[in-house]
Amino acid sequence: MMNGNKVDVDLLRPGTVPISPDTVLWFEFLLDQSLLINHLQKPNPDPSPTELITKFITAIYESMKNEVRRTDIEPMEVPNVEYEVEPKLSLKVLALKILSLKVAAVIKWNPVSIRSTPFKIQSNLLLDLLLFTGNKAPNEIPNIPNVNANPSGHFVALHAYHRWLNIPIVNANPTEVSSSPSEYLFALVIYHRWLIATCMHKIYSTSNNNRMNGDIIPTELFCTNENIENSLKFLTQSLEWQTPPKMLTHTCFIFLTESSTEPQFKWDDAIPISREEFRAQIHYDIGTFCFFKENYQLAGNHFQACSKYLADMQDSVEFCTVDKDALDNYLIACLGNFDKKSLFEEMNYCEANNYDGILNVLIQDNKLREIPICERIILEMNLAGGLSSGKYTVGNDLLVKIQALNAVRCVVGRFTSHTFDYNLQNLEFLIWATSAMWKSINNEDKHLLCSYFMKVIVNLESEELLNRLLKHEILSDIFSDIDVDALRDSISKKEEVPDLLKDAYWDLQAPNKNPKLEIRLLELQIISCYDSQELRDLLVKLTIKNPNRPIWKINPNWELPIPLQSVVTNIPRGFLQDFSYVLLAKSRELMLSKDFGSSIDFLNILQKEVDGSQAKLSKLISWEILLVQISQYFDEWPALHIDRQELISACENCLSNTEMIPRTEVMAECVLCLLNLRRKEFLISFNKPWTYIEIASAISLACQDIAKIGKTDKKITNKDIWDLIVPIFATSSQSKRSSSGANIIHRDSPTSNNKVQLLSFLNRLREPTALSVVISVLARLYNLLNDDTSISVNVEYVTLWPSTISSISSYNTVAVTEALSDLVLQALRYYPTKIAWLHLMGDLCFSNSNYDNSLRYYLQSLIVQTDYFNHPVRNDDHIFKRMIKCCTHLGCHTQAAVLCQFLEQPDFTLAFRSLVDFKSCNDSVEAYYHCFWDTNILEYLVHLHHKRGEYQRKKKAVHTIGMLELNSNNNNEIHREAVNLRKRTFLQALCRQYVR
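Residues numbered from 1 in each chain as written. Predicted model: local features only at pLDDT ≥ 70, side-chain atom pairs only at ≥ 80, totals over all residues. Heavy atoms only, no water.

S.K.: Any chance you could explain the overall build of the protein here in plain terms?
M.R.: Of the regular secondary structure elements, the protein holds 43 helices and four strands. At a minimum sequence separation of 6, the contacts of the protein that also span at least 24 residues come to 68%. If you sum the accessible surface of the protein, you get close to 49,700 Å²; carbon and sulfur atoms cover 49% of it. (Helix = DSSP H or I, 4+ residues; strand = E, 2+ residues; numbered from the N terminus. Contact = heavy atoms within 4.5 Å. Areas by Shrake-Rupley, 256 points an atom, 1.4 Å probe, with all protein chains shown as cover.)

Here is the structure:
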């Protein structure tokens, strides 16, 4: 049928779908003879010519099967008898055959187009051509296999079809055909060209391309050795024809009319084919087949003949479809014909043939400079790699010669990045490479080479190289007399190097040294040294040289914490003070660079050095060791190789020490360590007015309350953590007391500093429940400050905190957003499969209009939840509604429409509105139609595309809605399986797009 500018012949048989008023049925092609040709002459006809041929012949096959049944021929058995009375083909079948042949004539019997149809269509089309051009009663059909060998399916109908036409089906060998009509000869040529092409492409044409309506045509029945030999013999004989057959046009086949009883033809409308065009095409076909069979010599002969006839060809009727570029490549592959090829192609050919003749090519390129320098360097590198791996076995000097030729090419090409090994033997090859092109280059290039050799002689101080150049037969005039004198003077006046510069090591004890320089050299050695024994020796030397200079002044980057620095500087001046300061500074430096083992080694060495002589310093060193161990534990979390009980005991002893208070950093790390190791009882009962203890205690209390939620109906009653965290984000300095009475934010300390310290503390949380508590507090605060349910974020425990907050405008919303985002990302680093946190990151990205990242986190949560969609997707309207909005904002309206089905109650209004926005759609539109399962949406798509005249999209939607698993009469299990399959397919496609 025809709809607008598109033609559809699907409704060739009665169906249940009402016919549109705009539909034109197939037989109207017969009533209006210009209708078919006008359609095919469009720039991009839809359906295409090959699609029309397929539809026509498919309808023929269906009609013939019905006729076979009406004549009582069983579908799985062919009687081996001869019929005296044979039925004739119906006028409908004949009309459809003529229509298909007309279409094939319009595309000029192009073999590539014909082979794009299913094999069954190809064979039927060409057999029809043979039958009609042979006046329906030829003696035999070329190379048709005996169907009795496999009397089933398609061949049963084909067998009956040929019996109706009174044509025996045998393995024929046409030899005497020169006296046949021109139209029949043309049909034979097309048939035999198709057969040998099918033999070459049968590896591709034996797949689903051969399957139609449950029937399979095995190409092996056509592509027998006997048939191939007959076809090659026929095509070879056709080259001797003095007058080639004429090419059939669409006017040769006359439409049937209401008064027709037999098909009529007008063979006089055929177009003559020139001898050159005919022979060029046949030589090319035979040559490609010989090439396929690896008979390269014979193939080359045919390709040469094809090339000759193409050059002589003047007028063309487009019977010849030879690709000239492909022909040139075939000639190169078969004959190695480089007569008119570039030097670059010659180089590649030599490389493929074990570098045979490569030197001559490179010498020619040094003169002509056609090959890019980078390609020549790649050639050199490939050969070097192949020689080192044993891939190539070539002459020992081939690589050096290529390097020398490339060096000369780089000089004249002003390319300075090439390297060359200037030893005595290689210099000989360099002279050889230069002499090979010397007489063919201009004066400018000679000047470049002259300057190049002068630099080499000066750098190598090689008088021998100069003498060789001057004695060379070709290069003797490379230097002028002035240049020669200058080079000899430069070599003879070479100054001796002072003995001091020849020494590999300058003795520090040498006389006449500058004491300040000697001291500074010692200081630099101390800064760069990380060996304790060598440090000890260097410090002794430095103390002797400069006993009054404090060691901490030699490196301004050595900064110890104030308590440590105070204790060290109070040690009596001497070696112990310097050694303690250096080891502590280097230990801290190693800890910050995450070399924890070396850092602890330095502290242990210092601990042994102190050996009780400095009790306070010894205690501080033990805490510094603990600090490094905690840092290592956090960095290598969960660090199962570390003794946790020992670490817990050390932290508790440090915090419980009453004789001396640890410095703030050590306390904070100990508190964090105990909190991450779930020592909540100790932190709650540890009553000291320290900020970090307050925070850790509040988090621990909240964790205990959360643990009780599942066991009782009680809610969290302790809000200390809320009171501690929320004031940090106030825009002005405030003072707030916790329930314990401790000041958390002091008036004399800026809020920003408190915020930084708190966030630094929170970002080092590792224990999942503690992280959940803090994240839920920040998420609740974030929702209260935004005060917009459409962009609110959801996470576990978020509803346990206060639902109101005073003076919203006095809080920094941006700071809260950044803190929450950083903390969740840090948590996902250690717990990447936590679904609640993945949802939260998706919500955060959504609320900040970062829709592609929002989709990424939502999809990651679904991946974790369903084991990459191997389990059914759960209904979660919150997630899917936001995914729909994300897709809409990104312009992916088809994806949004598909997601509308995922809701517990599908949102048809939103889906329909999304499907209308195709013109501004950024996704693949109909590529997602197979993911729809709701028939309401699919019916809307069919209606929408029909209204817009979008044939292909409508066809896709109709095909989808017609799938058996979407039938409304299916039981719930089949329907559920179909839905789950489409959900999985669609979500996996989204993951490939958004999850990186």
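And the narrative resumes.
S.K.: What is the right way to look at the pattern of salt bridges in this model?
M.R.: Where side chains of opposite charge bring their charged atoms close, a pairing between them can arise. Applying the stated criterion to the full structure yields 26 salt bridges. Across the pair Asp285 and Arg193 runs a salt bridge whose closest N-O atoms are separated by 2.5 Å. Of this pair, Asp285 sits in helix H10 (residues 275–292) while Arg193 sits in helix H8 (residues 182–205), placing them 92 residues apart in sequence. Arg193 sits in the buried class, given a relative accessible area of 7%. A salt bridge links Arg468 to Glu464, with the nearest nitrogen and oxygen atoms 2.9 Å apart. You can see Arg468 and its partner Glu464 sitting in helix H19 (residues 463–471), four residues apart, about one turn around the helix. For Glu464, a relative accessible area of 40% gives the class partly exposed. Among the ionic contacts, a cluster of salt bridges with common partners joins Arg588, Glu624, Arg663 and Glu665. (Salt bridge = Lys/Arg side-chain N within 4 Å of Asp/Glu carboxyl O. Buried < 20%, exposed > 50% of the residue type's maximum accessible area, 1.4 Å probe, protein only.)

S.K.: Help me understand the environment of Pro662, please; the structure alone is not making it clear to me.
M.R.: Relative to the elements of secondary structure, Pro662 occurs in the loop between helix H28 (644–656) and helix H29 (664–676). Given a relative accessible area of 4%, Pro662 falls into the buried group. Expressed as a C-alpha distance, the spacing of Pro662 and Pro563, which sit 99 residues apart in the sequence, is 8.8 Å. Residue contacts for Pro662: discarding those within four places in its chain leaves Trp623, Cys654 and Met667.

S.K.: What am I meant to see in the packing of aromatic side chains here?
M.R.: Remark: the centre distance and the inter-plane angle together describe each pair of aromatic rings, the angle taken between the planes. Taken as a whole and assessed by the stated rule, the structure comprises 33 aromatic pairs. With a centroid separation of 6.0 Å and 85 degrees between ring planes, the pair formed by Phe253 and Phe265 is classed as edge-to-face. Placement of Phe253 in the loop between helix H9 (225–238) and H10 and of Phe265 in the loop between H9 and H10 is noted, with a sequence separation of 12 residues between them. We classify Phe253 as buried; its relative accessible area is 1%. Taken together through their ring pairs, the aromatic side chains of Trp109, Phe132, Phe186, Phe234, Trp241, Phe253, Phe265, Trp267, Phe278 and Phe319 make up a single cluster. One cation-aromatic arrangement involves Arg536 over Phe579; the distance from NZ or CZ to the ring centre is 4.7 Å. (Phe/Tyr/Trp six-rings, centres within 6.5 Å; stacked < 30°, edge-to-face > 60°. Lys NZ or Arg CZ within 6 Å of the ring centre and 35° of its normal.)

S.K.: Sorry, what's going on with the side chain of Thr249 here?
M.R.: Mapped onto the elements, Thr249 comes out in the loop between H9 and H10. The exposure class of Thr249 is buried, given its relative accessible area of 14%. A polar side-chain atom of Thr249 sits 3.0 Å from a polar atom in the side chain of Thr251. Setting aside residues up to four positions removed in sequence, Thr249 forms contacts with Ala105, Asp269 and Ile271. (Polar contact = N/O pair within 3.5 Å; in protein donor to acceptor, adjacent residues only side chain to side chain.)

S.K.: In this structure, what is going on with helix H38 (residues 877–889)? I would like to understand it.
M.R.: Three- or four-residue spacings in an α-helix give side chains the same orientation, since the helix completes a turn every 3.6 residues. Its 13 residues give H38 an end-to-end C-alpha distance of 18 Å, which sits within 8% of 18 Å, the value for a rise of 1.5 Å per residue. Looking at the buried side of H38, the elements it contacts are helix H36 (835–847), helix H37 (851–866), helix H39 (893–900), helix H40 (908–916) and helix H43 (972–994). One or two residues past the end of H38 sits Gly891, with phi positive at roughly 80 degrees. (Expected span 1.5 Å × (residues − 1).)

S.K.: Quick question: what am I supposed to make of the environment of Thr804 here?
M.R.: Note on placement: Thr804 falls in the loop between helix H34 (768–786) and helix H35 (813–830). Note on Thr804: relative accessible area 62%, which makes it exposed. It is 6.8 Å that separates the C-alpha atoms of Thr804 and Leu784, two residues lying 20 residues apart in sequence.

S.K.: Help me out: how do you make sense of unusual backbone geometry in this one?
M.R.: Most peptide bonds take the trans configuration, and most residues that are not glycine carry a negative phi. Going from Trp637 to Pro638, the amide bond is cis rather than trans, its omega being 5 degrees. Examined against the element boundaries, Pro638 turns out to sit in the loop between helix H27 (615–635) and H28. Its identity as a non-glycine residue notwithstanding, Lys108 has a phi of 60 degrees, on the positive side. By the element assignment, Lys108 lies in the loop between helix H4 (91–106) and helix H5 (111–115). One non-glycine residue, Trp109, lies in the positive phi region at around 55 degrees. Here Trp109 falls in the buried class, since its relative accessible area comes to 2%.

S.K.: Got a minute to help me understand the packing of H10 against helix H11 (residues 296–312) in this structure?
M.R.: When two helices pack together, their arrangement is given by the angle between the helix axes and the distance between those axes. Remark: H10 packs on H11, axes separated minimally by 8 Å, with the N-to-C direction vectors making an angle of 160 degrees. Comparing their axes, H11 and H10 come out roughly antiparallel. Note that H10 runs across H11; the crossing there is left-handed. Of H11, the residues touching H10 (which contributes Glu276, Arg279, Ala280, His283, Tyr284, Ile286, Gly287, Thr288, Cys290 and Phe291) are Tyr296, Leu298, Ala299, His302, Phe303, Ala305, Cys306, Tyr309, Leu310 and Asp312. Partitioned by chemical class, the residues of the contact of H10 with H11 number 13 nonpolar, four polar and three charged. (Axes fitted to C-alpha atoms, helices over the stretch in contact; angles between N-to-C directions. Parallel < 35°, antiparallel > 145°, perpendicular 65-115°, else oblique. Left-handed = near helix turned anticlockwise from the far one by under 90°. Nonpolar A, V, L, I, M, F, W, Y, C, P; charged D, E, K, R; others polar.)

S.K.: Can you walk me through the state of the cysteines in this structure?
M.R.: Linking two cysteines covalently through their sulfur atoms gives a disulfide. Taken as a whole and judged by the stated rule, the model has zero disulfides. Sulfur of Cys290: no disulfide; nearest cysteine sulfur belongs to Cys334 and is 9.3 Å away. We classify Cys290 as buried; its relative accessible area is 9%. As a non-bridged cysteine, Cys886 has Cys887 as the owner of its nearest cysteine sulfur, 6.9 Å distant. Judged by its relative accessible area of 0%, Cys886 is buried. (Disulfide = S-S within 2.5 Å.)

S.K.: Would you mind showing me how to read the confidence of the model for the protein here?
M.R.: Close reading of the predicted structure is inappropriate where its pLDDT is low. Of all residues in the protein, 81% have pLDDT values of 70 or greater, and the mean over the chain is 79. Confidence over residues 204–217 falls short of pLDDT 50; this stretch has 35 contacts with residues more than four positions distant or in other chains. With pLDDT under 50 throughout, residues 733–751 is counted as low confidence; its partners more than four residues away or in other chains account for 34 contacts. (pLDDT = per-residue confidence, 0-100.)

S.K.: Teacher, can you tell me more about the nonpolar core here?
M.R.: When a protein is soluble and globular, its nonpolar side chains tend to lie buried together. Leu655, Ile699, Phe729 and Ile775 are the most contacted members of the largest nonpolar core, which has 121 residues in total. Take this core: its biggest share by element is 12 residues, from H34. Trp109, Leu188, Leu239 and Trp241 belong to the second largest nonpolar core, which has 78 residues in total. (Core = buried A, V, L, I, M, F, W, Y, C linked by side-chain atoms within 4.5 Å.)

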